[in-house]
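Examination of the molecular architecture
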Amino acid sequence: MSNALPPTRQPRRWTGLFDRVGVVALVAAAGVVLGQQYVAPNKRVIPVLAAILLFGLAWRADLATAIGVLALALPFPRPTVFGNTNLAFVLLLLVIWLLRVTLSRSSPPRSSPVHVPLLAVFVCYVVSFYNIAPADLGPGLMKFGLMVGSWLMFVVVAGNLRTPRDLERVLVFQAISVFSVCLIAVYEVTHPGVNMARFLYTPLESFQTDTSLTNIRVGSVFSDFELLCEYCALNSLLAMFLFVRARSLIPRLAFGGLLVFVVFVLFTTVTRGGIVALAVGAVYLLWTIRRRLTFVGVTVALAVVVVGAIAMNGYVASSTQSGDLFERLFTSEVQGLVPDSRAEVWPEAWARIFEHPLLGHGPLYTVISGTRIFHWPHSLYLYIANNIGFIGLAVFVWLLWTLFRLTRPVTDDLKGEDYVGSYLLIARAQMVVFLVDEIKIEYLRNENYQFQIWFMFALAAAAGQIARARQAPAADRRPLGAPA
């Protein structure tokens, strides 16, 4: 499908004047409303006003910038009657995109290999409502609505990042978002006992910390240390990529500092699975770029990583109230092929699947079913099979495989001129980290974190689409009968 925009109409003489008058009127109206709210505040008016202003800013800015602002807002959702503000932001961007397409100001939607399996996953979740308990219908619909919101976000983000410049800009926004999440994690380390669910909505002065607490495992805005560990593992690869690609001193110092900061937060989670998954992803990345490596460079890098990890873990274990990650890692036990921490929950989740093996129990995973109490499956694949059955699990694996194929690297040089091709190396490594780590955790348990995963998927899909669009013209110009 062609990405060329149709010819636009010539702007009329009065269009610019009306546009400026509209902006002035909007600012004036906002000032009047804020003045009224200062005298007689109403908690419903200010969020509506913020939404209107956000719509105006997003309409005037290009969609890549709007997507970057979305990346900044995703970690900090506010609860609403229909889910949370992440869903509202996604729907807002979707409306703006459709309006721009209608007015020939943006490119129309383009086809993607991911759309078919994504639609199949949607159908599997709709069918799974057949087995949902009547008492869980309302929460199940809300859970399903947020999942649909994350899928719509995927379509919007992957459909509007069409140039390397767009992708590069959004990655910088994502780096700032990662920094904000890690900053809150550090506050949690220095203020043990803080309830992070209240942290986002309550003045900091109202918190009482408990300095007697030990073995604090940080969860930041996700309130889940295992998910935060995976988040840091995934975004440490992004920070490393931005550090390597930096062309001047200031960006290199900024992204290098971000890399160290993210790794520090990863150690404060005291979680083994994320470290193991990151190690697997790093080995895969090194194997992918092996032709660019030298013995001396690998030796020096390995020494820096080992010394840095030992120093970081020692500092976290001795100077903070978090635990010792290496101690937990080296004392791990395995019962057969199952880690000791999963020896009970995995068989329980596996047995529960066979209550509805084909269609599943519905979008909502309930820890209480009748008179029985269940644990979290602690595995995305068992979680999916419980929700939408073995058929849905097969479709979801198809979706992951499609994304994995879409991120096939077109170069082995992280520092090359092809920015998108270099990023595909990181996107594929992130997919490896995700697939390995989700064996022991499920991202869908957290309504906030699931948007982060689909945002990562969208960036990977956008990069794959840009790379494919570049290769297509070259293939069209190839002489008839020439080898591909």
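Our subject is the structure that appears above.
All values reported here derive from a predicted model rather than from experimental measurement.

1. Concerning the packing of helix 9 (residues 225-245) against helix 10 (residues 249-268)
- At a minimum axis distance of 9 Å, the contact between helix 9 and helix 10 shows a crossing angle of 160°. The angle between helix 9 and helix 10 falls in the class roughly antiparallel. In the crossing of helix 9 with helix 10, the sense of the turn from one axis to the other is left-handed. Residues L228, C229, C232, A233, N235, S236, A239, M240, L242, F243 and V244 of helix 9 form the contact with helix 10, whose participating residues are R252, F255, G256, L258, L259, V262, V265 and L266.
- Looking at side-chain class alone, the contact of helix 9 with helix 10 contains 15 nonpolar, three polar and one charged residues.

2. Quick notes on helix 10
- Between its terminal C-alpha atoms helix 10 stretches 29 Å, which fits the 28 Å expected from 20 residues at 1.5 Å a residue.
- Looking only at helix 10, the buried set comprises F255, G256, L258, F261, V262, F264, V265, L266, F267 and T268.
- Along its buried surface, helix 10 packs onto helix 7 (164-190), helix 9, helix 11 (272-288), helix 12 (295-319) and helix 13 (325-330).
- Backbone geometry just downstream of helix 10 places V270 in the positive-phi region, at approximately 50°.

3. Section: helix 3 (residues 63-73)
- The element helix 3 is extensively covered by neighbouring structure, given that eight of its 11 residues are classed as buried.
- All of the buried residues in helix 3 are L63, A64, A66, I67, G68, L70, A71 and A73.

4. With respect to unusual backbone geometry
- Positive phi, normally seen in glycine, also occurs at S223, with a value near 55°.
- Checked against the element boundaries, S223 lands in the loop between helix 8 (196-199) and helix 9.
- Judged by relative accessible area, which is 47%, S223 ranks as partly exposed.

5. Observations regarding the state of the cysteines
- Using the criterion set out here, one finds zero disulfides in the structure.
- C232 provides the cysteine sulfur closest to C182, a residue in no disulfide bond, and the two sulfurs are 4.4 Å apart.
- On the accessibility criterion, C182 (0% relative accessible area) is buried.
- The thiol sulfur of C229 is not disulfide-bonded, and the nearest other cysteine sulfur, from C232, lies at 7.0 Å.
- Judged by relative accessible area, which is 0%, C229 ranks as buried.

6. Details of the packing of aromatic side chains
- Tallied over the full model, the rule gives 26 aromatic pairs.
- Seen in terms of ring centroids, F267 and F326 are 5.9 Å apart; in terms of plane orientation they differ by 75°. Their pairing is edge-to-face. One end of the pair, F267, is in helix 10; the other, F326, is in helix 13, and 59 residues separate them in sequence.
- Take F326: its relative accessible area is 21%, and that puts it in the partly exposed class.
- The rings of F122, Y125, F129, F144, W151, F154, F434, Y443, W454 and F457 are connected pair by pair, giving a single aromatic cluster.
- A cation sits over an aromatic face here: R252 above F243, 5.6 Å from the ring centre.
- Between R352 and the ring centre of Y365, over which it is positioned, the NZ or CZ distance is 4.7 Å.

Parameters and conventions
Residues numbered from 1 in each chain as written. Predicted model: local features only at pLDDT ≥ 70, side-chain atom pairs only at ≥ 80, totals over all residues. Heavy atoms only, no water. Axes fitted to C-alpha atoms, helices over the stretch in contact; angles between N-to-C directions. Helix = DSSP H or I, 4+ residues; strand = E, 2+ residues; numbered from the N terminus. Parallel < 35°, antiparallel > 145°, perpendicular 65-115°, else oblique. Left-handed = near helix turned anticlockwise from the far one by under 90°. Contact = heavy atoms within 4.5 Å. Nonpolar A, V, L, I, M, F, W, Y, C, P; charged D, E, K, R; others polar. Expected span 1.5 Å × (residues − 1). Buried < 20%, exposed > 50% of the residue type's maximum accessible area, 1.4 Å probe, protein only. Disulfide = S-S within 2.5 Å. Phe/Tyr/Trp six-rings, centres within 6.5 Å; stacked < 30°, edge-to-face > 60°. Lys NZ or Arg CZ within 6 Å of the ring centre and 35° of its normal.

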